[in-house]
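Structural features, examined
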Amino acid sequence: MAKAALQYACSECGYSAGRWFGKCPSCGSFGTLVEENAEAVAKAEPRPLLRLVDVEATDAERIPTGVPELDRVLGGGLVPASLVLVGGEPGVGKSTLLLTALAAMSANRRCLLVTGEESVAQVKLRAARLGSAGEVEILAETELESVCATLEAEKPQVCVIDSVQTLYSAELGSAPGSVAQVREAAGRLLRVAKESGIATILVGHVTKDGNVAGPRVLEHLVDCVLQFEGDRYHEHRVLRAAKNRFGSTNELGVFEMTGAGLVGVPEPSELFGRTAEGEIGSAVACTLEGTRPILLEVQALVAPTDLAMPRRVATGVDPKRLSMIVAVLSRHAGVALGQADVFVNVAGGVRIDEPGADLAVALAIASAARDVPVKEGTAAFGEIGLTGRLRPATQAERRLEECAKFGISAVVVPSGVSAKRKIACHEVEALRAALSAALDTSGKTPA
């Protein structure tokens, strides 16, 4: 009998090779290749082919989770037989959020929680704090074969695995959480979910860089990847979709951690868009996250530097885009920033990815540099070009409606915005004109 071939897989990136290397050829990590047995490939029979025109696609009804913010990010709810991966920092609230969703869904559906990190008594204590989770069925098990057999026998409609890194298969010699174990667990759970029609949610650990731990194939296998962000020492959390086969990846869910668990924030603009009257270096941006317009406070600090290379520090904004905005301000708006450190922060820990917030970032920096506040009740949105010209942002009408809803009296926008006017708009062509329209220079001559 031929000896089984050996494979060596990297515990960091999942790269596999037929022999051992001291340094992984893929990610460059040292000492991360571990031995795993390669299974013998059985001879398979050919399968009949189908044409897409002959396939009958039935739209399965989504399962509402009972948490509106989670449903928004998922695209309307859980899709039956789908596999969802939820990742986030330790203590951010992943288990609390999913137990809250299971408690709501268990009212009219059979829900199962497979816990590998906590005992049944510990989950009971959390459920008692959240309330109304008594109908959720629970299984404390880490052996992959037992978990899959239970799912195939019981066939709950919704199942949560907390977490996938704790599952292990006795057929593999590696430790739980290794690349081989995580890959095997995800593959088997995917097969069970598709064959039995179980909507399965996997809780995943993250590395120190914030990425989901385990092989990259884990994110390729699942149908949806959700990232739960936020500081564990602050009360607000943000849920984003990094991948979604059944919906948009631009939606944003906002939660607040309370003594009774996570509570959705239906109006994040009221929470993140507040500014103090007469505060220097603060501007309100109206950004778009998926289908939801949000008002965000952008803060800036400009201070003289003693360094040969001034610092450009961004929190919540792309650092490269911040450097571009600073260069355009210096070249086309007459704001001298060559000998100053520039710090920009988005209040509330929210991250801005769209270019429509460029104008608000520029207003905050100019306000801090010239030591004059932005006019009270003023917001802004628009994209800044390298020539100093402003370009209109998408869905301007929805942004203006959001500004009018929360008491914004005037909005600085690029010229050419075609929308029904429900609020006073200052249309400007260039960045220099936008600064003149938004900054409150009464009583002080700007530098």
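Values in this document were obtained by computation on a predicted structure and should not be read as measured data. (Residues numbered from 1 in each chain as written. Predicted model: local features only at pLDDT ≥ 70, side-chain atom pairs only at ≥ 80, totals over all residues. Heavy atoms only, no water.)

**A closer look at helix α9 (residues 358-370)**
In this model, α9 (13 residues) spans 18 Å end to end at C-alpha, consistent with the 18 Å of a helix rising 1.5 Å per residue. Of all the 13 residues making up α9, 12 are buried; the element is thus mostly covered by neighbouring parts of the structure. Taken residue by residue, α9 has Asp358, Leu359, Ala360, Val361, Ala362, Leu363, Ala364, Ile365, Ala366, Ser367, Ala368 and Arg370 as its buried positions. Two residues or fewer past α9, aspartate 371 is found with a positive phi of approximately 60°. (Helix = DSSP H or I, 4+ residues; strand = E, 2+ residues; numbered from the N terminus. Expected span 1.5 Å × (residues − 1). Buried < 20%, exposed > 50% of the residue type's maximum accessible area, 1.4 Å probe, protein only.)

**Structural notes on the sheet that holds strand β4 (residues 83-88)**
Hydrogen bonds between backbone groups are what pair the strands of a sheet, and the pairing can be parallel or antiparallel. Strand order in this open sheet of 9 strands is β6-β5-β7-β8-β4-β9-β10-β11-β12, and the pairing throughout is mixed. The outermost strands of the open sheet, each flanked by one partner alone, are β6 (137-140) and β12 (261-264). On average, each strand axis in the sheet is tilted by 25° relative to the strand beside it, whichever way the strands run. The sheet contacts of helix α3 (residues 120-130) involve β5 (111-115), β6, β11 (252-258) and β12, and relative to β6 the element is tilted by about 150°. (Pairing = 2+ DSSP bridges. Axes fitted to C-alpha atoms, helices over the stretch in contact; angles between N-to-C directions. Contact = heavy atoms within 4.5 Å.)

**Thoughts on the nonpolar core**
By size, the foremost hydrophobic cluster in this structure holds 50 residues, and its most contacted members are Leu329, Val344, Ile365, Leu431 and Leu435. For this core, the secondary-structure elements that each account for two or more residues are β11, β13 (282-289), β14 (292-304), α8 (319-332), β16 (340-346), α9 and α11 (431-438). Here the element with the most residues in this core is α9; it accounts for 9 residues. Setting aside chain neighbours within four positions, we find leucine 435 in contact with Leu329, Ala333, Val335, Ala362, Leu363, Ala366 and Arg370. Judged by nonpolar contacts, the second largest core, of 35 residues, contains Val123, Ala133, Val203 and Leu226. (Core = buried A, V, L, I, M, F, W, Y, C linked by side-chain atoms within 4.5 Å.)

**Considerations on the pairing of β14**
As judged from the 8 bridges shared by β13 and β14, these two strands associate in the antiparallel manner. From the neighbouring strand, cysteine 286 faces β14, where its bridge partner is leucine 295. Taking the residues between adjacent antiparallel strands as the criterion, β13 and β14 are bridged by 2 residues, where glycine 290 takes a positive phi near 70°. Where β14 lies against β16, 7 bridges are found, and the strand directions are antiparallel. For valine 302, the partnering residue across the bridge sits in β16 and is valine 342.

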